[in-house]
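Report on the structure
Letter by letter, the chains look like this.
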Amino acid sequence: MANPMHALLQAWRRRWWQPDPAALEAFAGLTPMTVVTGGSEGIGLELARRFAAAGHDVMLVARRAEPLRQAAHGLRAESKATVVVVPADVTAPDAIATIEAALAAHGAYADVLVNSAGMGLSGPFHAHPPDDVVRLIDLNVRALSLLTRHFLPGMRQRGRGGILNVASLGGYAPGPNQAAYYASKAYVLSLTEAVAAETAGEGVRVCALAPGPVNTAFHARMGAEKAFYRLLVPPASAQSVARAGYRGFVLGLRVTVPGLFNPLLALAMRIMPHRIVIPIIGWLLRPREDERRNV
Ligand SMILES: NC(=O)c1ccc[n+]([C@@H]2O[C@H](COP(=O)([O-])OP(=O)(O)OC[C@H]3O[C@@H](n4cnc5c(N)ncnc54)[C@H](OP(=O)(O)O)[C@@H]3O)[C@@H](O)[C@H]2O)c1
């Protein structure tokens, strides 16, 4: 996007921003960084790639060190960005302190936060082990909320940057056979749109990305690889979803639903009676045989 357009957009975004010189001094001399949870693979990695290509330094956060190392190696080879890896579980009690310590060690602050780390659970809700339900809520809801709550005040003080939360098309309706997952993404959409409204005009973008099925290891991890939606709904590539998500973030769109038909589906899921929509979704999400649960 051309610079004058950028400047115009930023001026509009900052229309209510009150600069506080004392607060801004705390960030003087530090460099902005984009923190991407779930940045070692899938949609998170592709979003990190878009930010790095656009000149942002990036911090990739995920649990396993080796995929993180490989992801960082690839990003460094194809961009000039500084790429930092933080092997951490974002649901751990010390996750925010770990990320802050890594930012401080690199003389950086979180200019942009991308919450992409997420998990699903497939099958009827009553059959999920309670610990898995807790893990899903901890990751998709609790960690995302706490990271947003932690980094947003600094962004508001600086009047720039923002948060990109990866939600899902599934957030627009209840999803039998992925009930907790769909409910968690409804929370992400609701939280993001509400916080975006609260911070409008303060210079900060608060955006949600709501893709339909995407070709990543996500479905196999939750044991949904053989569900009907995997056969019947052609998945988007993580690259195309990240491209749309990054564009939506730059423009400050509150919700980006990538693809040609998915925005129509999102509309249909909102306006059609649940009595019609829910059985269709439930049928599409029904696992066809025993598969491996999320690891
Ligand atoms: N794929 C889809 O069809 C689809 C559609 C709509 C929305 N989404 C959403 O998009 C987001 C990304 O999905 P994806 O398909 O890219 O998933 P993915 O390929 O399974 O990648 C998940 C990423 O999150 C990391 N992660 C998982 N648990 C974590 C934890 N506790 N702490 C830190 N990092 C963790 C994983 O690395 P480690 O395992 O090493 O931690 C990995 O980097 C999720 O929020 C998902 O709900 C996906």
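Above: the structure in question.
Residues numbered from 1 in each chain as written. Predicted model: local features only at pLDDT ≥ 70, side-chain atom pairs only at ≥ 80, totals over all residues. Heavy atoms only, no water.

1. Focus on the site of the ligand
What surrounds the ligand is a group of 28 residues, the closest being Ser40, Tyr181, Val214, Thr216 and Arg221. Side-chain polar atom of Arg221 to an oxygen atom of the ligand: 2.6 Å apart, as the coordinates give it. Within the complex, 97% of the 880 Å² of free accessible area of the ligand lies under protein. Elements with a minimum of two residues in the shell around the ligand: helix H3 (42–53), helix H7 (179–198) and helix H8 (218–221). In terms of residue count, the dominant contributor to the shell around the ligand is H8 (three residues). The residue makeup of the shell around the ligand, split by class, is 13 nonpolar, nine polar and six charged. (Near = heavy atom within 4 Å. Polar contact = N/O pair within 3.5 Å; in protein donor to acceptor, adjacent residues only side chain to side chain. Areas by Shrake-Rupley, 256 points an atom, 1.4 Å probe, with all protein chains shown as cover. Helix = DSSP H or I, 4+ residues; strand = E, 2+ residues; numbered from the N terminus. Nonpolar A, V, L, I, M, F, W, Y, C, P; charged D, E, K, R; others polar.)

2. A short note on the pattern of salt bridges
One pass over the structure, following the stated rule, counts nine salt bridges. Residue Glu202 pairs with Arg156 through a salt bridge whose shortest N-O separation is 2.5 Å. Of this pair, Glu202 sits in the loop between H7 and strand E6 (205–209) while Arg156 sits in helix H6 (residues 130–158), placing them 46 residues apart in sequence. A relative accessible area of 16% means that Glu202 is categorised as buried. (Salt bridge = Lys/Arg side-chain N within 4 Å of Asp/Glu carboxyl O. Buried < 20%, exposed > 50% of the residue type's maximum accessible area, 1.4 Å probe, protein only.)

3. Here's the deal with the pairing of strand E5 (residues 162–166)
Here is the key point about a regular strand: its side chains alternate between the two faces of the sheet. Here E5 lies mainly inside the structure; five of its five residues are buried. With burial as the criterion, each face of E5 is covered, one bearing Gly162, Leu164 and Val166 and the other bearing Ile163 and Asn165. Both strand E4 (residues 108–115) and E5 contribute to a ladder of four bridges, which runs parallel. Each bridged residue has a counterpart across the sheet, and for Val114 the counterpart in E5 is Leu164. Of the crossover connections in this fold, the one passing from E4 over H6 to the parallel E5 is right-handed. With five bridges joining them, E5 and E6 adopt parallel strand pairing. When the sheet's bridge partners are listed, Ile163 is paired in E6 with Val206. (Pairing = 2+ DSSP bridges. Right-handed = clockwise from strand over helix to strand, strands pointing away.)

4. With respect to the environment of Asn262
Here Asn262 shows up in helix H11 (residues 262–271). Residue classification places Asn262 among the buried positions, given a relative accessible area of 19%. Put simply, Asn262 and Asp89 are 173 residues apart on the chain and 31 Å apart in space, counted from C-alpha to C-alpha. Apart from residues no more than four positions distant in its own chain, Asn262 is found in contact with Leu169, Gly212 and Val257. A polar atom in the side chain of Asn262 sits 3.2 Å from the backbone oxygen of Pro258. (Contact = heavy atoms within 4.5 Å.)

5. Observations concerning the packing of aromatic side chains
Counting across every chain of the model gives six aromatic pairs. Their ring planes at 65° and their centres at 5.6 Å tell us that Phe51 and Phe249 sit as a pair that is edge-to-face. Of this pair, Phe51 sits in helix H3 while Phe249 sits in helix H10 (residues 238–251), and the two are 198 residues apart along the sequence. With relative accessibility at 0%, the residue Phe51 sits in the buried group. Each ring, one from Tyr181 and one from Tyr182, has its centre 6.2 Å from the other, and the planes form 70°; the classification is edge-to-face. Across the pair, Tyr182 and Tyr181 agree in class, each one buried. Clustering of aromatic rings is evident, with ring pairs tying together Phe51, Tyr246 and Phe249. If you follow Arg14 out to its NZ or CZ, it ends over the ring of Trp17, 4.0 Å from the centre. We note Arg15 situated over the ring of Trp12; from NZ or CZ to the ring centre the distance is 3.8 Å. (Phe/Tyr/Trp six-rings, centres within 6.5 Å; stacked < 30°, edge-to-face > 60°. Lys NZ or Arg CZ within 6 Å of the ring centre and 35° of its normal.)

6. A few points about H7
Between the first and last C-alpha of H7 there are 29 Å, a value that for 20 residues agrees with the 28 Å anticipated at 1.5 Å per step. Within H7, burial applies to Ala180, Tyr181, Tyr182, Ser184, Lys185, Val188, Leu189, Thr192, Val195 and Ala196. Packed against the buried residues of H7 are H6, E5, E6, H8, strand E7 (255–256) and helix H12 (274–285). (Expected span 1.5 Å × (residues − 1).)

7. Comments concerning the sheet that holds E7
Read from one edge of the open sheet, seven strands run E3-E2-E1-E4-E5-E6-E7, paired in parallel fashion. At either margin of the open sheet sits one strand with a lone partner, and together these are strand E3 (83–87) and E7. Judged from the seven bridges that link them, strand E1 (residues 31–37) and E4 form a sheet pairing that is parallel. By the bridge assignment for E4, Met33 is matched with Ala110.

All we've got here are geometric facts, nothing functional implied.
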